[in-house]
Amino acid sequence: MSLQPVKFYQTGTFTVGNRLLAPEERSVQANMQRTNSLNSGHRACQGCGEALGARYAIDAAMNATNRQLIAANATGCLEVFSTPYPETSWQIPWIHSLFGNAAAVATGIAAAIKVKKQKGQGGDVRVVAQGGDGGTTDIGFGCLSGMFERNDDVLYICYDNGGYMNTGVQRSSATPPAARTATTMPLGPEPGNVFGQGKFVPAIAMAHEIPYVATATVADLRDLEYKVTKAMGIRGARYIHILVPCPLGWGTASHDTIRMARLAKETGIFPVFEAEYGEVKSVLAIRRPLPVEEYLRPQKRYAHLFGKSPAVATIARIQALADKNIRKYRLQARQGGH
Amino acid sequence: MDKPFAITLKPGSSLANHTGSWRTTRPEYVDRLPPCNAACPAGENIQGWLFHAESGDYEKAWHALVENNPLPAIMGRVCYHPCEGGCNRQHMDSAVGINSVERFLGDEANKHGWKFAPAAAASGRRVLVIGSGPAGLSAAYHLTRMGHKAVIYEEAPLAGGMMRFGIPKYRLPREVLDTEIQRLLDFGVELHLETKVTDVQQTMKDGFDAVFLGVGAHIAKRAYIPAGDANKVLDAVSVLRGMEDHDAPLLGRRVVVYGGGNTAIDVARTAKRLGAEESIIVYRRTRDKMPAHDFEVEEALQEGISIKWLSTITEAGMGERGDDIMVEKMALDENGFPQPTGEFERMEADSVVLALGQDADLSLLENVPGLVVDKGMIEIDAGMMTGHPGVFAGGDMAGNERTVTVAVGHGKKAARAIDAWLRGEKYAPLPKPELATFDRMNPWYYSDAPKTMRPVLDIIRRQSTFEEVLGGLDETNALFEARRCMSCGNCFECDNCYGVCPDNAVIKLGPGKRFQFNYDYCKGCGICATECPCGAIRIVAEEN
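Residues numbered from 1 in each chain as written. Chains lettered and ligands numbered in written order. Predicted model: local features only at pLDDT ≥ 70, side-chain atom pairs only at ≥ 80, totals over all residues. Heavy atoms only, no water.

**Student:** Can you walk me through the overall build of chain A in this structure?
**Tutor:** When helices and strands are counted, chain A shows 11 helices and nine strands. Over its C-alpha atoms chain A spans a radius of gyration of 20 Å, differing by no more than 12% from the 20 Å that the globule rule assigns to 338 residues. For chain A, the spread of C-alpha atoms along the principal axes amounts to about 70 × 60 × 40 Å. In chain A, which comprises 338 residues, the share counted as buried stands at 56%. (Helix = DSSP H or I, 4+ residues; strand = E, 2+ residues; numbered from the N terminus. Rg over C-alpha atoms; globule rule 2.2 N^0.38 Å. Buried < 20%, exposed > 50% of the residue type's maximum accessible area, 1.4 Å probe, protein only.)

**Student:** Before we go on, may I ask you to explain the sheet that holds strand 13 (residues 324-332) of chain B in this structure?
**Tutor:** All names here are of chain B. Reading across from one edge, 12-13-14 is the order of the three strands in this open sheet, with antiparallel pairing throughout. Edge strands, defined here as strands with exactly one partner in the open sheet, are strand 12 (311-318) and strand 14 (338-348). Neighbour-to-neighbour, the strand axes of this sheet turn through a mean angle of 20°, independent of strand direction. Relative to strand 14, strand 13 runs antiparallel, the two being bridged by eight bridges. Note that in strand 14 the partner of D324 across the bridge is E348. (Pairing = 2+ DSSP bridges. Axes fitted to C-alpha atoms, helices over the stretch in contact; angles between N-to-C directions.)

**Student:** Sorry, what's going on with the packing of aromatic side chains here?
**Tutor:** Two measures describe an aromatic ring pair: the distance that separates the ring centres and the angle between the ring planes. With the rule as written, the count across this model stands at 22 aromatic pairs over all chains. Plain terms: the ring middles of F14(A) and W444(B) are 6.2 Å apart, the flat faces sit at 70° to each other, and that makes the pair edge-to-face. Residue F14(A) is found in the segment before helix 1 (49-64), and its partner W444(B) is found in the loop between helix 14 (404-422) and helix 15 (459-464); the two belong to separate chains. Residue class for F14(A) comes out partly exposed when judged on its relative accessible area of 32%. Classification of W444(B) as buried rests on a relative accessible area of 10%. On the numbers, 4.7 Å between centres and 50° between planes, the contact of F116(B) with Y141(B) is tilted. Linking F116(B) in the loop between helix 6 (98-112) and strand 3 (126-130) with Y141(B) in helix 7 (residues 134-145), this pair joins segments that are 25 residues apart in sequence. Exposure remark for F116(B): the relative accessible area of 9% places this residue in the buried category. Of the residues examined, Y141(B) reaches a relative accessible area of 1% and is grouped as buried. Three or more aromatic residues joined by ring pairs make a cluster, and in this case those are W62(B), W114(B), F116(B), Y141(B) and F187(B). Positioned above the aromatic ring of W444(B), the side-chain terminus of R287(A) is 4.6 Å from the ring centre. (Phe/Tyr/Trp six-rings, centres within 6.5 Å; stacked < 30°, edge-to-face > 60°. Lys NZ or Arg CZ within 6 Å of the ring centre and 35° of its normal.)

**Student:** Please explain the pattern of salt bridges as it appears in this structure.
**Tutor:** Where charged atoms from two side chains of opposite charge approach closely, those side chains can pair. Residues and elements named next belong to chain B. On inspection of all chains with the given rule, the structure shows 60 salt bridges over all chains. For D107, the salt bridge identified is with R103, shortest N-O distance 3.6 Å. Of the two residues, D107 and R103 both sit in helix 6, four residues apart, roughly one turn of that helix. With relative accessibility at 24%, the residue D107 sits in the partly exposed group. Under the relative-accessibility criterion, R103 is labelled buried at 5%. We note a salt bridge from R164 to D178, for which the minimum N-O separation is 2.7 Å. Separated by 14 residues along the polypeptide, R164 in helix 8 (residues 162-165) and D178 in helix 9 (residues 174-187) bring together distant segments of the chain. Taken together, the shared-partner salt bridges connect R171, D266, R269, R273, E296, E299, E303 and R462 into one network. (Salt bridge = Lys/Arg side-chain N within 4 Å of Asp/Glu carboxyl O.)

**Student:** Can you help me understand the state of the cysteines in this one?
**Tutor:** Defined simply, a disulfide is a covalent bond joining two cysteines at their sulfur atoms. Residue and element names in this part refer to chain B. For the structure shown, the criterion picks out zero disulfides over all chains. With no disulfide of its own, C87 lies closest to C488 among cysteine sulfurs, the gap being 6.4 Å. By relative accessible area, C87 is classed as buried at 8%. (Disulfide = S-S within 2.5 Å.)

**Student:** In this structure, what is going on with the nonpolar core? I would like to understand it.
**Tutor:** Nonpolar side chains in soluble globular proteins tend to end up buried together. Counting 68 residues, the largest nonpolar core has W49(B) and L105(B) as the members making the most contacts within it. Among the elements that line this core, the one with the most residues is helix 14 of chain B, at eight residues. Structurally, this core is a two-domain feature, drawing no fewer than three residues from each of domain 2 (35-114 + 444-482) and domain 3 (126-218 + 360-422) of chain B. Once you skip the residues sitting within four places of it in the chain, L105(B) turns out to touch W49(B), Y58(B), A61(B), W62(B), L65(B) and W114(B). Counting residues in each nonpolar core, the second largest holds 45 residues, with A44(A), A214(A), V218(A) and V228(A) among its members. (Core = buried A, V, L, I, M, F, W, Y, C linked by side-chain atoms within 4.5 Å. Domains from an automatic or database assignment. Contact = heavy atoms within 4.5 Å.)

**Student:** Teacher, can you tell me more about the packing of helix 12 (residues 262-273) of chain B against helix 13 (residues 294-302) of chain B here?
**Tutor:** Axes are the key here: two packed helices are described by the angle between their axes and the distance separating the axes. Residues and elements named next belong to chain B. Interaxial distance between helix 12 and helix 13 falls to 10 Å at its minimum, and their mutual angle equals 20°. On the basis of their axis angle, the class for helix 12 and helix 13 is roughly parallel. Helix 13 is crossed by helix 12, and the crossing has left-handed handedness. Only E296, V297, E299 and A300 of helix 13 make contact with helix 12, whose side of the interface consists of N262, I265, D266 and R269. (Parallel < 35°, antiparallel > 145°, perpendicular 65-115°, else oblique. Left-handed = near helix turned anticlockwise from the far one by under 90°.)

**Student:** Could you clarify how one ought to interpret helix 5 (residues 141-150) of chain A in this entry?
**Tutor:** All names here are of chain A. When helix 5 is considered as a whole, its buried residues turn out to be F141, L144, G146, M147 and F148. On the buried face of helix 5, the contacting elements are helix 3 (102-118), helix 4 (133-138), strand 5 (155-160), helix 6 (201-207) and strand 7 (238-243). Immediately beyond the C-terminal end of helix 5, within one or two residues, lies N151, with a positive phi of roughly 55°.

**Student:** Would you mind going over the interface of chain A and chain B with me for this structure?
**Tutor:** In many analyses, interface size is given as the accessible surface area lost on bringing the parts together. In this complex, chain A contributes 51 residues to the contact, which on the side of chain B involves 56 residues. For the pair chain A and chain B, the summed buried area comes to about 4,800 Å², and 51% of that belongs to carbon and sulfur atoms. When the buried surface of chain A facing chain B is broken down by residue, F8(A), Q10(A) and R19(A) rank first, second and third, together holding 16% of it. Viewed at the interface, chain B and chain A are joined by four salt bridges. One salt bridge connects R288(A) with D448(B), and the closest N-O pair in it is separated by 3.0 Å. (Buried area = accessible area lost by both parts, 1.4 Å probe.)

**Student:** I would appreciate a short explanation of the sheet that holds strand 6 (residues 210-213) of chain B in the present structure.
**Tutor:** One key point about sheets: their strands pair by backbone hydrogen bonds, in either a parallel or an antiparallel sense. All names here are of chain B. Judged by pairing direction, the sheet is parallel, and its five strands sit side by side in the order 5-4-3-6-19 without closing on themselves. Edge positions in the sheet fall to strand 5 (190-192) and strand 19 (391-393), since each has one partner strand and no second. Sheet twist, expressed as the average angle between the axes of neighbouring strands with direction ignored, equals 20°. Taken together, the three bridges between strand 6 and strand 19 define a ladder with parallel strand orientation. Along strand 19, the bridge assignment pairs F212 with F392. In the packing of helix 14 onto the sheet, the strands contacted are strand 3, strand 6 and strand 19, and the crossing angle to strand 6 comes to about 165°.

**Student:** When you look at the packing of helix 6 of chain B against helix 16 (residues 475-482) of chain B in this model, what are you seeing that I'm missing?
**Tutor:** Residue and element names in this part refer to chain B. Relative orientation of the contacting elements helix 6 and helix 16 amounts to 135°, with a least axis distance of 9 Å. Between helix 6 and helix 16, the crossing angle belongs to the class labelled oblique. Classified by chirality, the crossing of helix 16 by helix 6 is left-handed. Packed against helix 6, whose contacting residues are S100, V101 and F104, the element helix 16 presents E475, A478, E481 and A482 at the interface.

**Student:** It is not clear to me how the environment of G48(B) should be interpreted in this structure. Could you clarify?
**Tutor:** Its location among the elements puts G48(B) in helix 2 (residues 46-54). Using a relative accessible area of 15% as the deciding quantity, one classes G48(B) as buried.

**Student:** In this structure, what is going on with a nonpolar patch on the surface? I would like to understand it.
**Tutor:** The grouping of Y85(A), I7(B) and L9(B) at the surface amounts to a nonpolar patch, some 280 Å² of accessible area in total. Relative to the helices and strands, L9(B) is located in the segment before strand 1 (12-13). Residue class for L9(B) comes out partly exposed when judged on its relative accessible area of 40%. (Patch = residues over 30% accessible without salt bridge, like charges linked within 9 Å, V, L, I, M, F, W, Y side chains within 5 Å. Areas by Shrake-Rupley, 256 points an atom, 1.4 Å probe, with all protein chains shown as cover.)

Spelled out as structure tokens, the structure:
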């Protein structure tokens, strides 16, 4: 009791800002001069996690590059809700080509910038590619893997909401086991999505041994900004995978978007870590451990697990997956943390 | 206009799309009532002054504090801090040590000689305040702030009332009391000592527009106990009062205190400090029924005071030397009332001190028409006014809960009512905002931080001396403690709403100016309200 640290800031860095912290210690989002890369008036649903995650990430990237940034965007919610021709919410140079080629387009932009620089034209402009889990883990995966393999100077950001939400909530290879989607209905002996090997792209990105791979959620802004900023300080291929809850596809209340992301992290469902050249360097430890039920129950896509007779065995399998994450990434709650 | 190949429309911004029209519910900023403020009998805006203390601006914090209570250094020592009982932080780790921060601020003010902010322009009205206890001082202070001339008549040779003649020094050092009273006098409160008012109506004719009665309750209640001549049967009020004289009361080697309130504890602890080998409290009920505050009982037990539960004194002055008393064992009946058992025990006692409660001396009010006295207490209305127009009352003489804090609250409320009455209006308190309950908050955002304990004087030292038992915080842990405040129900500019809005529909107005919703684009998702740590945003349904 007698040895308490004097430095204690009420909410520390958990909140977006904190008037007790020096301005340089506050988040990009707390700044009145933040870019607002994705501006008001976009057509995302109420409480959209992806719209939030995209502004968090791109504002941080803009801040880290002194606003010298071009973004390539895959097809998906983020593209559709932000840019219905001829309007756009983007306040940065931004290009959309096809569903599956965002990584390739970004590679091309990076190459063009490199050539221009060699010719003495233009400054040091950096490139970000972004897409949803459909455009990243399924349709754009070939281009993405090629970008990694060539170590192109691009930060690829995947906003993972676990499905093709824009077209009516179909399954993607990032849809979690047992989740209901329009194409994995809660019918038969194993309702919802199958328990497969899954496709956790951060691990695949690490297997490419690229300079930087990280995961983040919209519930930990400071961590997210730290990772984007760090990524922009590195040359070569980088990958950040951000969990962005989707009120529509997950069947959650619009006001619970950040809470759901927090629960995914606190239950161990979604490991938050960073890796360099294929090795995990740090993890965001669990702060208040919770069983997976806390995460599953508020989501209508798991409603079939909590019917008259709860699907105890299925919930146990999901718990086992979370426990495996906790073991594998060493997420156990501890003093201090990241 | 020249457009690139295949482009037919000019690029536009999504700002043209007012997504606010989607909204069915809307967020609104609110200031809810923090539970500490709701629980404070003195009506302090605790969250408000802690806000300044959190940033290390103690002078501003102290000024915010004394807007409601002119005696923070005293209050930081003698208050039973009901605020901490209400504190939402107890649902996380433990309540914020509000009382210790208050004391720190009070001591800082005394150390640096901070003065009250200037009073309002003089109104030319004069108000008589009878009694210089906490109620009277508080009333005089607030009346002065409002521009009225407050004149205190005090019967005793020194000011402070029960704070001086009832509360032992080890809980309230007299220099602290003197400093805070002196600040009030410097502020313009006029004090006349050794001035007894025998007839209120007559005194009022000396140019006073209204009067506030705060004469306290200092007549000890007696219980009939048959006693021989030799045994000393004293009352608690005179023992504690006697401590302010040159010669301390002679209580002897073995002191028995009869009663179960805070005063009984004060006397027993005082007896121990005066050198009694044994100091025993005899109380007719059990510990959980005892009116004394638990931490005081705990401190007394630590100091070696023993308590005889379920016992009454039936006779004193027994035996050859007249220093034995008879104690009867009691048993609680089904209603929780003690009933005699017929089991007796003889005890040795050099003195018996009765601490059975106090009554107010209301003799000065005998000829005032309209005054109603019920069960020894003066009746007042919601605006602290007695049945006689222009005569107000507060403190121990007007309430069942007799603490310094309650008295300070009475004084403030009465001052406001007197101010209204002087202007020919009726005092109507502002409606209270809804309570900032813990379920309206998002505790995730607060850092873990257990309570800083104030140093407690070594047991040996406090058994023999009248040094202050509880120590104070220093600058570093006071800041730490202040920052444990969660600012329940009141924006503390954490920027969460500004950050978490997916629609960029929160406008940040800059430091100290808080935020504003941009309803043109707010879709009403409610994330801001869910993620507001302190519960300062509410969601309401849109009309139509």
